[in-house]
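# Observations on the three-dimensional arrangement
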Amino acid sequence: MTHDQTRFDLDANDASPPVLSVEGVVATLTLNRPAHRNRLEAGDLLSLLSQFEQVNADPGIRVLKLTANTKGQPRPVFCAGYHIGSFSEQDSDPRLFERVANALAALRPITVCALNGSVYGGATDLMLACDLSVGLTGIEFRMPATALGLHYYPGGLQRYVARLGLSGAKRAFLSARPFTADMLWHMGCFEALAAPEDFDIAVDHLVNEIADLAPLAVQATKQSLNEIASGQTDLDAMRTREAVTSSSEDFAEGRRAFQEKRKARFAGR
């Protein structure tokens, strides 16, 4: 994957598996079935797994932005979740969606969900699997698993409790009631809650701030925080990460920049 790829515009007539593009140190993954509210089919999930591997294999990528093509929709929908018809397919993998969400949560780069529309079903877990999110005003978030007769998969339940707290997770699953964008904002789910005219600016501001951080330190810290949250704390591994960053060129550059009162130029070494 090269870093001279540029962004491109998707229109309302486009329909495809998720689209991956790279600009500088930022990769963007765009869900791209706007006419079907960006529902995810089995092929889309397999594409996401492959794209996650591509992103992880490219050390130059520091941030992954997950967003959706909502052009032409009467009300923006980031994702309507997994295509219900796929559950009835004879060769369907019942754990495929969980693998995708877990892989997203474990990605090396910092992940930002640009939630530019309402989100439903399993797609709510894609938002929760991202490290940080920016929300669009007026959207809703709903998990209808129990309304469909489904016990949700373990990884998703763990993320719900970790991100929304036990009370929020119980509300989501035991009532199937939607959350408004304001509710999610007050629960601490968003770094920013922006109106449509300000949304892209808010997302870019957050992405650029993350991209300017020391990549070795921020990625190692993400890994340690995720381990703590999952109850898999490994103090020896954390000490090793601490030692690696303490002896890195980035840390030396960060100290120099602080003393010289300038912006640090981190190389990821």
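Now for a look at the structure at hand. Predicted model only: the values in this text are computed from it and were never measured. (Residues numbered from 1 in each chain as written. Predicted model: local features only at pLDDT ≥ 70, side-chain atom pairs only at ≥ 80, totals over all residues. Heavy atoms only, no water.)

## Thoughts on the sheet that holds strand β4 (residues 77-79)
Strand order in the open sheet made by the four strands is β4-β6-β8-β9, with mixed pairing throughout. Each having just a single partner strand, β4 and β9 (179-180) make up the two edges of the open sheet. Across two bridges, β4 lies against strand β6 (residues 118-120) in parallel orientation. Of the residues in β6, the one forming a bridge with Cys79 is Val119. (Pairing = 2+ DSSP bridges. Helix = DSSP H or I, 4+ residues; strand = E, 2+ residues; numbered from the N terminus.)

## Some details on the pairing of strand β1 (residues 19-23)
Regular strands show a simple pattern: their side chains alternate between the two faces of the sheet. Counting buried residues in β1 gives four out of five residues, a clear majority hidden from the surface. Across five bridges, the pairing between β1 and strand β2 (residues 26-31) is antiparallel. By the bridge assignment, Leu20 is partnered in β2 with Leu29. Two successive antiparallel strands, β1 and β2, enclose a turn made up of two residues, where Gly24 displays a positive phi of approximately 65°. (Buried < 20%, exposed > 50% of the residue type's maximum accessible area, 1.4 Å probe, protein only.)

## With respect to the pairing of strand β5 (residues 110-115)
Most of β5 is tucked away: six of the six residues are buried. Because side chains alternate across β5, one face comprises the buried residues Ile110, Val112 and Ala114, and the other comprises Thr111, Cys113 and Leu115, equally buried. Judged from the four bridges that link them, strand β3 (residues 63-68) and β5 form a sheet pairing that is parallel. Among the inter-strand pairings, Leu64 is bridged to a residue of β5, identified as Thr111.

## Here we look at the packing of aromatic side chains
Under the counting rule described, the total for this entry stands at six aromatic pairs. Ring centres of Tyr82 and Phe97 lie 6.1 Å apart, and the angle between their planes is 75°; this geometry places the pair in the edge-to-face category. Separated by 15 residues along the polypeptide, Tyr82 in the loop between β4 and α2 (96-105) and Phe97 in helix α2 bring together distant segments of the chain. Grouping residues by exposure puts Tyr82 and Phe97 together as buried. Relative to Tyr160, the ring of Phe141 has its centre 6.0 Å away and its plane inclined at 55°; by these criteria the two rings are tilted. Residue Phe141 is found in strand β8 (residues 140-142), and its partner Tyr160 is found in helix α4 (residues 154-175); the two are separated by 19 residues along the sequence. Residue classification places Phe141 among the buried residues on the basis of a relative accessible area of 0%. Take Tyr160: its relative accessible area is 0%, and that puts it in the buried class. An aromatic cluster is present here, built from Phe141, Tyr152, Tyr153, Tyr160, Phe173 and Phe179 joined pairwise through their rings. Cation over ring: Arg171 sits above Phe179, and NZ or CZ is 4.7 Å from the ring centre. (Phe/Tyr/Trp six-rings, centres within 6.5 Å; stacked < 30°, edge-to-face > 60°. Lys NZ or Arg CZ within 6 Å of the ring centre and 35° of its normal.)

## Let's talk about the pattern of salt bridges
What the rule picks out here adds up to eleven salt bridges. Of the charged contacts in the structure, one is a salt bridge between Arg256 and Glu253, with a shortest N-O distance of 3.2 Å. Residue Arg256 and its partner Glu253 are both found in helix α9 (residues 249-260); the two are separated by three residues, about one turn of the helix. Measuring nitrogen to oxygen at the nearest pair gives 2.6 Å for the salt bridge that ties Glu260 to Arg262. What makes Glu260 partly exposed here is its relative accessible area of 49%. Look at Arg262 and you get partly exposed, because its relative accessible area is 26%. Counted as one network, the salt bridges with shared partners bring together Glu253, Arg256, Glu260 and Arg262. (Salt bridge = Lys/Arg side-chain N within 4 Å of Asp/Glu carboxyl O.)

Without other data, these values stay purely geometric and don't point to any function.
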